[in-house]
Amino acid sequence: TGPAEIVLDGIGFRYGDEWVLRGASAHIAPGAFVVMVGPNGSGKSTLAQIIAGLIEPEEGRVIINGRPLRDIAPDERHRLVLYTPQNIGLFNRTLRENALYPPTRASEAELASMLADWGFYESGRPIDLDLAVGEQGARLSGGQMQKLELARLAGVSAPVVILDETTSALDRTSEARAIRTLRERYRGRSTLVLITHRIALAREADLVLFLENGGLEAGRHETLLRGCNTAT
């Protein structure tokens, strides 16, 4: 219970002969809001899945709350780290049934409030929790699907929550509101890691993980930016 500390200790991973990550190290404090950025193909999703224990690194180790992840059983890993990919699968059921199944603890009122605040309907009409979403969410837009998933996640307690571009289909206003809500609800209970291409979120992060050419730089946005300017 409670937010977890994460230590990346010399992580290395390759596909075939090509190293995607090499010597990636960082310390993530419990309860931090972490933003992971970098060019396409820089290994962001790979590192996220390594942290979640879905992929085993070829070099180095992930340590969560002082325990090497490789020593933690798969079932326990899933309780420690919740990884959410960009592509979301929905049941052919209602908004309510897609968002309020266990382990989420959000109430119907909280669900409707979050969706309304995040602009689920552009018209602003009341949220109909009995709306059937269709097979794989066919009746919803990509942004609506992500808002529904984020509302579900807001009610989940996990020591580490990783969102792999789970806000990519949201406009900036909706994204900012959703992230603010998640940070408020996760305070004191989860460490939040977000993969994104939007620099505005990096500016708000407690820690930025910047991946490029197999390497990892960790620090505050301003510090990393000064380093890039100095190198230039």
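The structure we're discussing is the one just above.
Presented here is an overview of the structure given in this document.

## Topic: the overall build of the chain
Here is step 1 of the chain: The secondary structure content of the chain amounts to eight helices and 10 strands.
Here is step 2 of the chain: The globule rule puts the C-alpha radius of gyration for 232 residues at 17 Å, and the 18 Å found for the chain is close to it.
Here is step 3 of the chain: Seen through its C-alpha atoms, the chain measures out along the principal axes to roughly 50 × 45 × 35 Å.
Here is step 4 of the chain: Out of the 232 residues belonging to the chain, those deemed buried represent 49%.
Here is step 5 of the chain: Within the chain, contacts between residues at least 6 apart in sequence are counted, and of these 68% link residues at least 24 apart.

## Some thoughts on the sheet that holds strand β7 (residues 160-164)
Here is step 1 of the chain: Strands sit in the order β6-β7-β8-β3-β9-β10 across an open sheet of six strands; the sheet is mixed. Only two strands of the sheet have a single partner each, and these edge strands are β6 (81-84) and β10 (215-219). Each strand of the sheet is rotated relative to its neighbour by a mean of 15°, with strand direction disregarded.
Here is step 2 of the chain: The sheet contact formed by β7 and strand β8 (residues 191-195) spans five bridges and is parallel. For Ile162, the partnering residue across the bridge sits in β8 and is Val193.
Here is step 3 of the chain: Packing of helix α6 (residues 172-186) onto the sheet brings it into contact with β3 (33-37), β7 and β8, and relative to β8 it is tilted by some 160°.

## Some details on the pattern of salt bridges
Here is step 1 of the chain: According to the stated counting rule, one finds 10 salt bridges in the structure shown.
Here is step 2 of the chain: The salt bridge involving Arg61 is made with Asp9; its shortest N-O contact spans 3.2 Å. Placement of Arg61 in strand β4 (residues 59-64) and of Asp9 in strand β1 (residues 6-15) is noted, with a sequence separation of 52 residues between them.
Here is step 3 of the chain: On the basis of relative accessibility, which here comes to 33%, the residue Arg61 falls in the partly exposed class.
Here is step 4 of the chain: Assessed through its relative accessible area of 36%, Asp9 is described here as partly exposed.
Here is step 5 of the chain: Each member of the salt-bridge network shares a partner with another, and the members are Arg96, Glu108 and Asp130.

Scoring rules and cut-offs
Residues numbered from 1 in each chain as written. Predicted model: local features only at pLDDT ≥ 70, side-chain atom pairs only at ≥ 80, totals over all residues. Heavy atoms only, no water. Helix = DSSP H or I, 4+ residues; strand = E, 2+ residues; numbered from the N terminus. Rg over C-alpha atoms; globule rule 2.2 N^0.38 Å. Buried < 20%, exposed > 50% of the residue type's maximum accessible area, 1.4 Å probe, protein only. Contact = heavy atoms within 4.5 Å. Pairing = 2+ DSSP bridges. Axes fitted to C-alpha atoms, helices over the stretch in contact; angles between N-to-C directions. Salt bridge = Lys/Arg side-chain N within 4 Å of Asp/Glu carboxyl O.

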